[in-house]
Amino acid sequence: MSSALDFLDDKYICPHCNQEMTLCNAPPVHVGDGLGWGSEYLFICLNDECKLFVDGWAYIENQYGHMGSYRYMRIPHSKESYNMMVGSRLAFTGSIVDIEQVKSQNERFCKEKEAIAKLDTCVEEHNLEPVLYLLLDPHPSLDVRKRAAELLKQINDISCIDPLRNHDFKDTYLEQAVNMAISAILADHYMKECPYCAEIIKAQAKMCKHCQKELG
Ligand SMILES: [Zn+2]
Ligand SMILES: [Zn+2]
């Protein structure tokens, strides 16, 4: 998990009601002055029994003559807290963060970044792992995956063939690049694929040792 998101497991307690606060997506702009919060996420007390929220309605009515109340809010990674004005009980209830989903997205993103960083050294280290990861995962950008396909041939490891062979790449260029790399690797190892059972066999074999079919 990247340190930027290490607050996902944090628990904040609202000082007005002693209830746990809820992680929400921050609204795009700072309500009122148009500045950003400096954070994608905010901890907000969404407890409808919270004293700040319950008392806020009368206070705002008296002070400003319109309907509204306050929710207690804290910015992650900061000691800053605010009484944030809300127009209705439902404000922010639609922006509650699905923490498990954010965690798994972030985990995937970190793995991808790690794999991309390893591409620089994968040929000298004979390390197929980051290349396979980036080719088999549909999320990385096409440019990154094309780069991985180019490195396949340089790593020249015949064990890359099985996981790649039956993968649906959804992109013709990428699929072609992978197929070309596989052909080059097979040729370099004096091997071929049996046209009947797809097992890898010697290039000169007249009969497949796996399916016993005769090869022309
Ligand atoms: Zn509260
Ligand atoms: Zn065969």
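Look up: the structure comes first, before these words.
Nothing here was measured: the structure is a model prediction, and the numbers come from that model.

1. Things to note about helix α3 (residues 129-136)
Phase 1: If you check which residues of α3 are buried, you get Pro-130, Val-131, Leu-132, Leu-134 and Leu-135.
Phase 2: Buried residues belonging to α3 abut α2 (99-118), α4 (142-155), α5 (161-165) and α6 (172-188).

2. Comments concerning the pairing of strand β2 (residues 41-44)
Phase 1: Neither face of β2 is exposed, since Tyr-41 and Phe-43 on one face and Leu-42 and Ile-44 on the opposite face are all buried.
Phase 2: The sheet contact formed by strand β1 (residues 22-25) and β2 spans four bridges and is antiparallel. Paired with Thr-22 across the strands is Ile-44, a residue of β2.
Phase 3: Note: β2 against strand β3 (residues 69-74), two bridges, orientation antiparallel.

3. Overview of helix α1 (residues 51-64)
Phase 1: Look at α1: 19 Å from first C-alpha to last across 14 residues, which is about the 20 Å you get at 1.5 Å a residue.
Phase 2: Within α1, the axis deviates most sharply at Trp-57, by approximately 35°.
Phase 3: Two residues or fewer after α1 comes Gly-65, characterised by a positive phi angle close to 70°.

4. Structural notes on the sheet that holds β1
Phase 1: With antiparallel pairing, the four strands of this open sheet are ordered in space as β1-β2-β3-β4. Each having just a single partner strand, β1 and β4 (81-86) make up the two edges of the open sheet. This sheet shows a mean twist of 45° between the axes of neighbouring strands, independent of strand direction.
Phase 2: Helix-sheet contacts for α1 involve β3 and β4, and the interaxial angle to β3 is about 135°.

5. Focus on the nonpolar core
Proteins that are soluble and globular tend to have nonpolar side chains buried together.
Phase 1: The biggest cluster of nonpolar side chains holds 20 residues, and the ones touching the most others in it are Cys-24, Leu-42, Phe-43, Ile-44, Cys-45 and Met-73.
Phase 2: Secondary-structure elements contributing two or more residues to this core are β1, β2, β3 and β4.
Phase 3: Take this core: its biggest share by element is four residues, from β2.
Phase 4: One finds Ala-115, Val-131, Leu-135 and Ile-185 within the second-largest nonpolar core, a separate group that totals 14 residues.

6. Remarks on the packing of α3 against α4
Phase 1: Two elements in contact, α3 and α4, have axes whose closest approach is 9 Å; the angle formed by their N-to-C orientations is 140°. Judged by the angle between their axes, α3 and α4 are oblique. In this structure, α3 meets α4 at a crossing whose hand is left-handed. Contacts between α3 and α4 pair Val-131, Leu-134 and Leu-135 from the former with Val-144, Arg-145, Ala-148, Ala-149, Leu-151, Leu-152 and Ile-155 from the latter.
Phase 2: Residue composition of the contact of α3 with α4, grouped by class: nine nonpolar, no polar and one charged.

About the cut-offs
- Residues numbered from 1 in each chain as written.
- Chains lettered and ligands numbered in written order.
- Predicted model: local features only at pLDDT ≥ 70, side-chain atom pairs only at ≥ 80, totals over all residues.
- Buried ≥ 20, exposed ≤ 12 C-beta atoms within 10 Å, placed from the backbone.
- Helix = DSSP H or I, 4+ residues; strand = E, 2+ residues; numbered from the N terminus.
- Contact = placed C-beta atoms within 7 Å.
- Pairing = 2+ DSSP bridges.
- Expected span 1.5 Å × (residues − 1).
- Bend = angle between axes of the 7 residues up to and from the residue.
- Axes fitted to C-alpha atoms, helices over the stretch in contact; angles between N-to-C directions.
- Core = buried A, V, L, I, M, F, W, Y, C linked by C-beta atoms within 7 Å.
- Parallel < 35°, antiparallel > 145°, perpendicular 65-115°, else oblique.
- Left-handed = near helix turned anticlockwise from the far one by under 90°.
- Nonpolar A, V, L, I, M, F, W, Y, C, P; charged D, E, K, R; others polar.

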